[in-house]
Amino acid sequence: MTSDRGRKPLTAWAFLAPYAVAVGLLIAVPALLNLGYAFTDHTGLTRDPQFVGLSNVRRMLDDGFLLDSVRASAIHLALAVPLRLLAAVGLGLLLAAPRPGGRWFRVAVYLPTVVPDVALAVLFLWVLNPLYGPLNQLLGLFGHSGFTWLSDPGTARVGVALMLMFPIGEGFLVVLAARRMLDGRLYEAAALEGCGPFGQLRRLTLPLLAPVLLLLAVRDTILTLQVNFVPAYVLTDGRPSNATLYLPVYIFDQAFEFSGFAYGALITSVLMVVTAIVITALLLVVRRWRVLR
Amino acid sequence: MGEHGAIRLESLTRSYGRVVALDDVDLEVRAGEMMTLVGPSGSGKSTILRLIAGLDRPDGGRILVDGQDVSQVPPHRRAVAMVFQDFALYPHLTVLGNLLFGLRVRRVRRDEADRRARSAAERLGIGDLLDRYPDQTSGGQRQRIALARALLREPTVYLLDEPLASLDAPLRFATRADLLALHRDLGTTTVHVTHDQAEAMTLGDRVAVLDRGRIRQVGPPQQVYDEPADMFVAGFLGSPPMNLVPGGAVLGGSRGLILGIRPEDLTLDVDGSIEVTVDVVEALGSESILLTRGADGTRLTVRAGPRCGARPGETVRLRPNPDRVHHFDAETGRRR
Ligand SMILES: Nc1ncnc2c1ncn2[C@@H]1O[C@H](COP(=O)(O)OP(=O)(O)O)[C@@H](O)[C@H]1O
Ligand SMILES: [Mg+2]
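If you're wondering where the values come from, they're calculated on a predicted model, not measured in any experiment.

Peer 1: When you look at the UniProt feature "domain: ABC transporter" (unreviewed entry) in chain B in this model, what are you seeing that I'm missing?
Peer 2: Per the UniProt annotation, the sites labelled "domain: ABC transporter" (unreviewed entry) are residues 7–237 of chain B. Here residues 7–237 of chain B is 36% helix and 26% strand, with 25 Å between the C-alpha atoms at its ends.

Peer 1: How do you make sense of a nonpolar patch on the surface when you look at a structure like this?
Peer 2: Among the surface-exposed residues, Val21(A), Leu25(A), Leu26(A), Ile27(A), Val29(A) and Leu33(A) lie close enough to one another that they form a single nonpolar patch of about 610 Å² accessible area. Residue position: Leu25(A) is located in helix α1 (residues 2–37).

Peer 1: Which parts of the structure should I look at to understand the site of ligand 1?
Peer 2: All names here are of chain B. Neighbouring ligand 1 are the residues Tyr16, Val19, Ala21, Pro40, Ser41, Gly42, Ser43, Gly44, Lys45, Ser46 and Thr47. Within the backbone of Gly42, a nitrogen or oxygen atom sits 2.7 Å from an oxygen atom of ligand 1. In the model, an oxygen atom of ligand 1 is placed 2.6 Å from a nitrogen or oxygen of the Ser46 side chain. The protein chains hide 59% of the 560 Å² of surface that ligand 1 would expose on its own. When residues in the shell around ligand 1 are grouped by element, the largest group, three residues, is from helix α1 (residues 45–53).

Peer 1: Help me understand helix α11 (residues 229–236) of chain A, please; the structure alone is not making it clear to me.
Peer 2: One turn of an α-helix holds 3.6 residues; hence residues three or four places apart share an orientation. All names here are of chain A. Among the residues making up α11, those that are buried are Val230, Pro231, Ala232, Leu235 and Thr236. In this structure, the buried side of α11 is in contact with α5 (117–127), α7 (153–164), α10 (197–227) and α12 (247–258). One or two residues past the end of α11 sits Asp237, with phi positive at roughly 50 degrees.

Peer 1: Quick question: what am I supposed to make of the sheet that holds strand β17 (residues 315–320) of chain B here?
Peer 2: The strands that make up a sheet are held in pairs by hydrogen bonds between backbone atoms, and each pair lies either parallel or antiparallel. All names here are of chain B. Reading across from one edge, β13-β17-β14-β15-β16 is the order of the five strands in this open sheet, with antiparallel pairing throughout. Edge strands, defined here as strands with exactly one partner in the open sheet, are β13 (266–268) and β16 (299–304). Taking each pair of neighbouring strands and ignoring which way they run, the sheet shows an average axis angle of 45 degrees.

Peer 1: Quick question: what am I supposed to make of the sheet that holds strand β3 (residues 34–38) of chain B here?
Peer 2: Residues and elements named next belong to chain B. Within the open sheet, the six strands sit side by side as β6-β7-β8-β3-β9-β10. Their pairing is mixed. The outermost strands of the open sheet, each flanked by one partner alone, are β6 (80–83) and β10 (214–219). Between one strand axis and the next, the sheet turns through 15 degrees on average, direction left out of account. Relative to strand β8 (residues 189–194), strand β7 (residues 157–161) runs parallel, the two being bridged by five bridges. Bridging across to β8, Tyr158 finds its partner in Thr190. Lying on the sheet, helix α4 (residues 139–152) is in contact with β6 and β7; it crosses β6 at an angle near 175 degrees.

Peer 1: Explanation requested: the domain arrangement of chain B in the structure shown.
Peer 2: Much of the literature gives interface size as the accessible area that the parts lose upon coming together. All names here are of chain B. Looking at the assigned domains, one finds that chain B contains domain 1 (7–233) and domain 2 (244–329). Here the C-alpha centroids of domain 1 and domain 2 sit 39 Å apart. Domain 1 puts five residues into the contact, and the matching count from domain 2 is seven residues. For the pair domain 1 and domain 2, the number of links is one salt bridge. Of the charged contacts, one joins Asp226 and Arg324 as a salt bridge, the two residues approaching to 3.6 Å between their closest N and O atoms. Along the lines of polarity and charge, the residues of the side of domain 1 that touches domain 2 split into three nonpolar, no polar and two charged.

Peer 1: Where do I start with the UniProt feature "domain: ABC transmembrane type-1" (unreviewed entry) in chain A in this structure?
Peer 2: Those residues carrying the UniProt feature "domain: ABC transmembrane type-1" (unreviewed entry) are residues 70–284 of chain A in this numbering. Split by type, residues 70–284 of chain A is 78% helix and 0% strand. Its first and last C-alpha atoms lie 22 Å apart.

Reading the values: the criteria
Residues numbered from 1 in each chain as written. Chains lettered and ligands numbered in written order. Predicted model: local features only at pLDDT ≥ 70, side-chain atom pairs only at ≥ 80, totals over all residues. Heavy atoms only, no water. UniProt positions renumbered as here; feature names shortened; annotations may be inferred. Helix = DSSP H or I, 4+ residues; strand = E, 2+ residues; numbered from the N terminus. Patch = residues over 30% accessible without salt bridge, like charges linked within 9 Å, V, L, I, M, F, W, Y side chains within 5 Å. Areas by Shrake-Rupley, 256 points an atom, 1.4 Å probe, with all protein chains shown as cover. Salt bridge = Lys/Arg side-chain N within 4 Å of Asp/Glu carboxyl O. Near = heavy atom within 4 Å. Polar contact = N/O pair within 3.5 Å; in protein donor to acceptor, adjacent residues only side chain to side chain. Buried < 20%, exposed > 50% of the residue type's maximum accessible area, 1.4 Å probe, protein only. Contact = heavy atoms within 4.5 Å. Pairing = 2+ DSSP bridges. Axes fitted to C-alpha atoms, helices over the stretch in contact; angles between N-to-C directions. Domains from an automatic or database assignment. Nonpolar A, V, L, I, M, F, W, Y, C, P; charged D, E, K, R; others polar.

As C-alpha cells, then:
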C-alpha cells in the first residue's frame, strides 16, 4: 500500500501523457499562436507576419459587422440552447421508461445526429422553403399563410435554431442514461406521499438530474456558439441583414475572404471571451439558485 | 385508533414473467395488530407489501382494507406509509426536507408542516440531524429518518420492509425494542417483513411464514414455534433448526412419517435412550450447541447448558422430551 502510494503520481502522469501531449500540440499551442497572430498583419498568403501592435484591436472597435455578429450569436444562443435542452431533456425523460416500441423512438431521436450537418442543412432548405416546404404547408393546415423563412431576419434566426433542435443525440442519450440510474424506489416513496407525475418531475427528477443538466447546458453553450457555421453557410450565408452572421461565419469570412488570418484570429479570441462570459454567468446563476447541493 | 386498518388479502396472485411471486395468498391482519411476514429471500414478502401499498397490481385476488376493496384506489389515497428495505430517502434533500416532502405535497401550511416535522424528528431522536443530508447519516439514523417520514403520513397502516436488516447486531437489538414501543404507542396496524427468524419471534403479535409465494402458517410466534404446521416452518423458525429424522429410526415412530425434535428438547442424560457420538461442540458462552451423530448416521443437534462437559469424539446419551416430538407426513410434509 505505502510503496504503491509513492509511485501513484508518476503512474498517473504516465497514463495522462499521451493525452496531455495531444492537448498541448493540437489545442494549447495553436490557441497561443492564434492569440499572437491577432497582433500581427498575417494574411496567411504573403510574407512573414509583422507585429503591428493594437492596430487590429482599433479596427475591431470600429467594426459594425462584428457588433451585428455578436448580436446574432447572442440571440442564437438564447434561442437555440433552451430549445435544444428542452428537446433533449424532454425526449430523454419521455423515452427512458421501458415501453413497447420505445427502442424505435429512441433510434428516431438519435438518427438526425448521425446525418452530416451539410445534408441536414440541405434538407432544411427544403423544409423551410416558403412555396413547397412542409413547414409552411403544416402552418397552412392551421390557416396560417406561412413565413418567408430565410428571407426575413427574425424567421431566419428561428429557422436555423429549428434545424439545430434535431441533432441532439448526445444530450438525449446522457439524459436517458442518467434518468435510468435514478432509484425507482424514490418515485414509489413519492407516489405514496401523493406526489403525481408532474410533482415527481419537479421535486425528484429535475433536482436529481441537476448536475447532469448543468453539464449539458455548459456543453451546449459552447457547442451552440460554434456549430451554427454550417447551417448558416448553407441556409443563409449570414444574411438577411446579418441576422445569421454568427461569429464562426464572420471569422471564416474575415480569415479566408476579406482580411486574412490576423483579424480572424482576433475575433476568434472574442468568441472565446464571449463563451467564457456566458458560462461564468451560468455557473453564477446556478450557485445563486443552489441547484446543486 | 386501533379501529381502522384491518387488512384482508383474498387469493392474491402475482407473477413476474415465469416467476410466481405470490401464489393464492390469503391473509388477515386485524386492526391495530403487528403482523410479521417472515420467509427466505425471494419468498414474496416485499411483493405483498407492494400490493397492499398499491405500488403494484395483483394478477388475481382482492385486497380489502376495512372491508373495502381497494384495487381501484391509487397508492396515495390508501393511507399507508411504507418504510422501504433500503429506506429510499431523497438524497438531494436534507433530513428536514425529507420529512417535509409529503407535507409539502399535501399542501400543509408551512409553519404547521415545520412544527410537525420537528416533533416527529424529536420523537425518533433525530432532532439534531435536520440539516444533514442522508449520506451524512449512519444506517441507524437513516432508519429513524425513514420511520419519522412514515409517521408524518399519519397512516392507518404501516408497511415496514426489513427495517432492521441493514443495522448491525447491537443496534438491531435496541431498535427492535423501539419499534415495539412505537407500535404500542400508536396502536396502528403494522405489517412488518423480515427474513430473520429471531426477529419474527420477537416482533409482532402474529407471524405469517412464507415460502415461494405461499403462506405456510399464520399464528402467534410461540404457537408457530411450538406447533409448526409443516416441515418448512419447522426448519425455518428456530436456530439451530429442528432435527428431522425419518420414522423408525432413533426417535421411533413408523414408516411414512418424519419425526422432529428441537435441539433444546434433547437432554444429555446417562440414562437417555439415544446413544450418539459428539462431532463438534460450539460453546456460545450462554449455551453450547452439540453436533452429534448416531450409530445409524442420524445427525442430531443438541442445545445444552454452557460448560456441559461434552468433548468431540465422546459418546453420550440423549433423552428426548416425549411431549415435544413433532410428527410430519413424509409425503406432504404436513403436521400429523
Ligand atoms: N419487478 C419484478 N420483476 C421481476 N421479478 C420480480 C419483481 N419483483 C419481485 N420479483 C420476483 O418475485 C419473487 C418475490 O420477490 P420479493 O417479494 O421481492 O421477495 P422477498 O421480499 O421475500 O425477498 C422473487 O423471485 C423476485 O425475483
Ligand atoms: Mg424483499
